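# Structural overview for review
Here's the letter readout for the chains.
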Amino acid sequence: MAVNTDAIGKTYPKTVYAVGREKIKEYANAVGEHNPIHLDHDAARAAGFADVVAPPMFAVVYANAAILPGLFDPEVGIDFAHMVHGAQEFRWGPLVVAGDEITTTGTLTDVSERGGMGFYVFETESTNQRAETVCVGTWTNIVRTG
Amino acid sequence: MDIGDTFELKVTPDRHLTVRYAGASGDFNPIHIDEEFAKQVGLPGRILHGLWTMAQVARAHTEALGGPDKLERLSVQFRGMGVMEEEVVVSGTVREMDSERAVVASEATQRGKRIIRNGEATIRL
């Protein structure tokens, strides 16, 4: 089964995520963070931040919605039941803190086939309310094409 | 920090970890939270979210190397599957360094099997 490469370059509508203090704390607890700047807003302020600081991997929370439409886009044609997350890269800019508003754009940057498997690569670019790029993500999903 | 320096992080996810992580991250794929569903699709049971395991790799770097602002880039490949109630061991090694940045190689294992491989991070110095 050949993969369909026609949708390469397709960009999906921007998503906007308002970063909440309690969501950062919930995420930080779920991934086992101990650094008080992620868990205690007084400690974060004492360290010079406006509010609690998102751990770098909190990017999955604010950026994920931007690629969901691509995963289910019939023009891309991912067989979701046979998809696994193959690889992930994030590049980070300034730290994200509670109160920030993050806008993310998702793009399908590559589709290829190797060894009977389809590789679907999405890129997300996330910017804060000051138009600073806080994170660029590269999400590689692998689908067994049988 | 010097080339060749190593660090390690060990953490054992408890049996409800994937439920808490699903809520925290918004990833409710049933293979992570529904034992019966996971078995129906051929898995041994519920498995860890790869991005939770990647977060452990990220945390190993930020705890060992000076805080979240130091992590400029992290790239990983997911392999196999992680399970709950088994210790996850993250290990990292400083491979390259100049006056501004260091490059760190990493992996994560469970029972000696790699669940994350080819981890590579860039650290701001």
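Residues numbered from 1 in each chain as written. Chains lettered and ligands numbered in written order. Predicted model: local features only at pLDDT ≥ 70, side-chain atom pairs only at ≥ 80, totals over all residues.

### Quick notes on the overall build of chain A
Each helix and strand counted, chain A has four helices and five strands in total. Dimensions of chain A along its principal axes, counting C-alpha atoms only, are 55 × 30 × 20 Å. With 146 residues in all, chain A has 36% of them scored as buried. When contacts within chain A are restricted to residue pairs at least 6 apart in sequence, those whose partners lie at least 24 apart make up 70%. (Helix = DSSP H or I, 4+ residues; strand = E, 2+ residues; numbered from the N terminus. Buried ≥ 20, exposed ≤ 12 C-beta atoms within 10 Å, placed from the backbone. Contact = placed C-beta atoms within 7 Å.)

### What about helix α1 (residues 17–25) of chain B?
Listed in full, the buried residues belonging to α1(B) are B:Leu17, B:Thr18, B:Tyr21, B:Ala24 and B:Ser25. One face of α1(B) carries all of its buried residues, which in axial projection span an arc of 125°. If you follow the buried residues of α1(B), they end up packed against α1 (21–30) and α3 (59–63) of chain A together with α3 (50–65) of chain B. With its phi angle positive at about 90°, B:Gly26 sits one or two positions after the end of α1(B). (Arc of directions from axis to C-beta.)

### Brief notes about the interface of chain B and chain A
With 24 residues of chain B at the contact, the number on the chain A side is 22 residues. Mapped onto the side of chain B that touches chain A, the elements with two or more residues apiece are α1, α3 and β2 (71–78) of chain B. In the side of chain B that touches chain A, the residues fall into 13 nonpolar, six polar and five charged. With five bridges connecting them, strand β2 (residues 83–92) of chain A and β2(B) associate as antiparallel partners. The partner of A:Gln88 across the bridge, within β2(B), is B:Val76. (Nonpolar A, V, L, I, M, F, W, Y, C, P; charged D, E, K, R; others polar. Pairing = 2+ DSSP bridges.)

### Overview of the sheet that holds strand β5 (residues 133–144) of chain A
Taken in spatial order, the 10 strands make up an open sheet running β1(A)-β3(A)-β4(A)-β5(A)-β2(A)-β2(B)-β5(B)-β4(B)-β3(B)-β1(B), and their pairing is antiparallel. Every other strand in the sheet has two partners, leaving β1 (15–18) of chain A together with β1 (6–11) of chain B as the edge strands with one partner each. On average, each strand axis in the sheet is inclined to that of its neighbour by 20°, with strand direction left out of account. Both β1(B) and strand β3 (residues 88–97) of chain B contribute to a ladder of six bridges, which runs antiparallel. Bridge assignment links B:Lys10 to a residue of β3(B), and that residue is B:Val89. (Axes fitted to C-alpha atoms, helices over the stretch in contact; angles between N-to-C directions.)

### Comments concerning α1(A)
Those residues of α1(A) that sit buried are A:Ile24, A:Tyr27, A:Ala28 and A:Ala30. Here the buried residues of α1(A) occupy an arc of 160° about the axis, which is enough to place them on one side. Structurally, α1(A) contributes buried residues whose contacts are with α3 of chain A together with α1 of chain B. Phi for A:Gly32, located one or two positions after α1(A), is positive at around 80°.

### Some thoughts on unusual backbone geometry
Even without glycine at this site, A:Ala131 takes up a positive phi of about 65°. Note on A:Ala131: 7 C-beta atoms within 10 Å, which makes it exposed.

### Considering the packing of α1(A) against α1(B)
One can describe the packing of α1(A) onto α1(B) by two numbers: an axis separation of 9 Å at closest approach and a directional angle of 150°. Classified by the angle between their axes, α1(A) and α1(B) sit roughly antiparallel to one another. In this structure, α1(A) crosses over α1(B), and the sense of that crossing is left-handed. Facing α1(A), whose interface residues are A:Glu26, A:Tyr27 and A:Ala30, α1(B) presents B:Arg20, B:Tyr21, B:Ala24 and B:Ser25. Among the residues forming the contact of α1(A) with α1(B), the class breakdown is four nonpolar, one polar and two charged. (Parallel < 35°, antiparallel > 145°, perpendicular 65-115°, else oblique. Left-handed = near helix turned anticlockwise from the far one by under 90°.)

### Observations regarding the pairing of strand β5 (residues 113–124) of chain B
Residue and element names in this part refer to chain B. In the sheet, β2 pairs with β5 via six bridges, with the strands oriented antiparallel. Bridge pairing in β5 links Phe78 to Ile116. As paired elements, strand β4 (residues 101–110) and β5 share nine bridges and run antiparallel to each other. Each residue of the ladder has a partner; that of Ser106, found in β5, is Gly119. Connecting the antiparallel pair β4 and β5 is a turn made up of two residues, with Arg111 showing a positive phi of about 50°.

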